[in-house]
Amino acid sequence: RLTGALAAIFLVGLSLLTWQRSITWSSPVYMLEYLYRVHPESPRLNLVAAEFAASAKDFQRARGFLNKVNPGIGVEMHRLYFDCLEKNFVTSEAMSRVLEIQNGVLDTYMASNADLLVQEVINGRCDAPTGTLIDVFDHMLALRSRSNTERILVLFTKADLLESMGQADAAVAQYMEAQELSNNNALSLYKAAATRLRGGELDDARSLVNRAQEFEKATRIKLKEIAKRLYSALGQAYETQGRMDDAVAVYEEAITAMPRETLFYLKSAQVLV
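Residues numbered from 1 in each chain as written. Predicted model: local features only at pLDDT ≥ 70, side-chain atom pairs only at ≥ 80, totals over all residues. Heavy atoms only, no water.

J.: Could you give me a rundown of the packing of aromatic side chains, with the residues and numbers involved?
T.: A ring pair, where both rings are aromatic, is described by two values, the distance of the centres and the angle of the planes. Applying the stated criterion to the full structure yields five aromatic pairs. Ring centres of tyrosine 81 and phenylalanine 82 lie 6.2 Å apart, and the angle between their planes is 35°; this geometry places the pair in the tilted category. For tyrosine 81, a relative accessible area of 11% corresponds to the buried category. Look at phenylalanine 82 and you get buried, because its relative accessible area is 0%. Members of the aromatic cluster, joined through ring pairs, are Phe59, Tyr81 and Phe82. Over the ring of phenylalanine 156 we find lysine 191; its NZ or CZ atom is 5.2 Å from the centre of that ring. (Phe/Tyr/Trp six-rings, centres within 6.5 Å; stacked < 30°, edge-to-face > 60°. Buried < 20%, exposed > 50% of the residue type's maximum accessible area, 1.4 Å probe, protein only. Lys NZ or Arg CZ within 6 Å of the ring centre and 35° of its normal.)

Here it is as structure tokens:
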């Protein structure tokens, strides 16, 4: 009887522990709270906790979590992003603090927060001194990076900002610099082509798309959907300008690059008719 009672108590205890663990793992919030109690000094957990607090509009608590992370440019960019979300503006003084940090490594955390900040600025949800922001990007690009991936991301973000400032040539220059760092992906060329297309420079855009297609002949990564959208947009833009021969030529280039895309055969036929 005693053995049976002890076994029953043991099974009930295991069931309660299993139930408690299932509750913990069933929700990201519960899971975060549990992990944070166990590892309150973990930089990664403090960053995740900061994001959860910010998503709940508790920016004071979010900044408190950031204060527990080792200081650096990445954390400062995260604070600037929270300023954007909370106040809808970033001051020059706050941004200048980033320029005062002379050491550090350009990593994904830093690059991602910079991109989040710039997207808020570009979309008109945050007011920021764009000239100082460009200086911040140059400062970040001067750092040693973990890999070319982070450097390319920062160049993309800087290009987005420059284009929003009406500096298309400078934006394209960033994409071309990024392309020099990539040996297996033509995304930088496609982005440069899209910038030229938005600026109405159709011939330059067409040349960049064709250059990207040539580049992809020697790589395993084929960005066909991006190429298809750009070819279609280019052909349509040529049609709008009444340059029908150029429109047909673009569709023929698309057919050569993607011979199974019936869409471009139809577009060519429509222009000819």
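J.: Let's hear about the pattern of salt bridges: which residues, and what values?
T.: Overall, the coordinates contain 17 salt bridges when judged by the stated rule. In this structure, arginine 125 engages glutamate 120 in a salt bridge whose closest nitrogen and oxygen atoms are separated by 3.0 Å. Note on arginine 125: relative accessible area 41%, which makes it partly exposed. Across the salt bridge formed by lysine 228 and glutamate 225, the nearest N and O atoms sit 3.4 Å from each other. Here lysine 228 pairs with glutamate 225, and both are found in helix α13 (residues 224-240), just three residues apart, close to one helical turn. Owing to a relative accessible area of 48%, glutamate 225 belongs among the partly exposed residues under this scheme. Salt bridges linked by common partners bring Asp203, Arg206, Arg243, Asp246 and Glu253 together as one network. (Salt bridge = Lys/Arg side-chain N within 4 Å of Asp/Glu carboxyl O. Helix = DSSP H or I, 4+ residues; strand = E, 2+ residues; numbered from the N terminus.)

J.: Please give an account of the packing of helix α6 (residues 92-99) against helix α8 (residues 130-141) that cites residues and values.
T.: Where α6 contacts α8, the axes come no closer than 9 Å and their chain directions differ by 15°. It follows from the interaxial angle that α6 and α8 lie roughly parallel. Considering the relative orientation of α6 and α8, their crossing is left-handed. Seen from α6, the contacting residues are Ser92, Met95, Val98 and Leu99; seen from α8, they are Thr132, Leu133, Asp135, Val136 and His139. (Axes fitted to C-alpha atoms, helices over the stretch in contact; angles between N-to-C directions. Parallel < 35°, antiparallel > 145°, perpendicular 65-115°, else oblique. Left-handed = near helix turned anticlockwise from the far one by under 90°. Contact = heavy atoms within 4.5 Å.)

J.: Tell me about the environment of leucine 272, residues and numbers included.
T.: On the secondary structure map, leucine 272 appears in helix α15 (residues 262-272). Looking at leucine 272, the relative accessible area reads 65%, which means it is exposed. Distance in space between the C-alpha atoms of leucine 272 and methionine 244 is 8.1 Å, their sequence separation being 28 residues.

J.: Outline the state of the cysteines, supporting the account with residue identities and numerical values.
T.: Enumeration over the complete set of coordinates arrives at one disulfide. There is a disulfide in this structure between cysteine 84 and cysteine 126, and the S-S distance comes to 2.0 Å. The S-S bond linking cysteine 84 to cysteine 126 shows a torsion near -70°; that makes this disulfide left-handed. Taken together, the positions of cysteine 84 in helix α5 (residues 73-87) and cysteine 126 in the loop between α7 (108-122) and α8 put the pair 42 residues apart, joining distant regions of the chain. Taken individually, cysteine 84 and cysteine 126 each receive the classification buried, so the pair is uniform in this respect. (Disulfide = S-S within 2.5 Å.)

J.: Tell me about unusual backbone geometry, and name the residues and values.
T.: Positive phi is not limited to glycine here, since lysine 57 has a value of about 65°. Structurally, the position occupied by lysine 57 is in the loop between α3 (43-55) and α4 (59-66). Residue classification places lysine 57 among the exposed positions, given a relative accessible area of 63%. Of note, asparagine 88 is a non-glycine position whose phi angle comes to about 65°, a positive value. For asparagine 88, the position within the fold is in the loop between α5 and α6.

J.: Tell me about α6, and name the residues and values.
T.: Listed as buried for α6 are Ala94, Met95 and Val98. Looking straight down α6, one finds its buried side chains confined to an arc of 95°; they lie on one side. Looking at the buried positions of α6, the neighbouring elements they touch are α5 and α8. (Arc of directions from axis to C-beta.)

J.: Mind laying out α7, listing which residues take part and the relevant values?
T.: Taking 1.5 Å of rise per residue, 15 residues should cover 21 Å, and α7 covers 21 Å from first to last C-alpha, within 8% of that figure. Within α7, the full set of buried residues consists of Met110, Ala111, Asn113, Ala114, Leu117, Val118, Glu120 and Val121. Looking at the buried residues of α7, the elements they touch are α5, β1 (105-106), α8 and α9 (148-164). (Expected span 1.5 Å × (residues − 1).)

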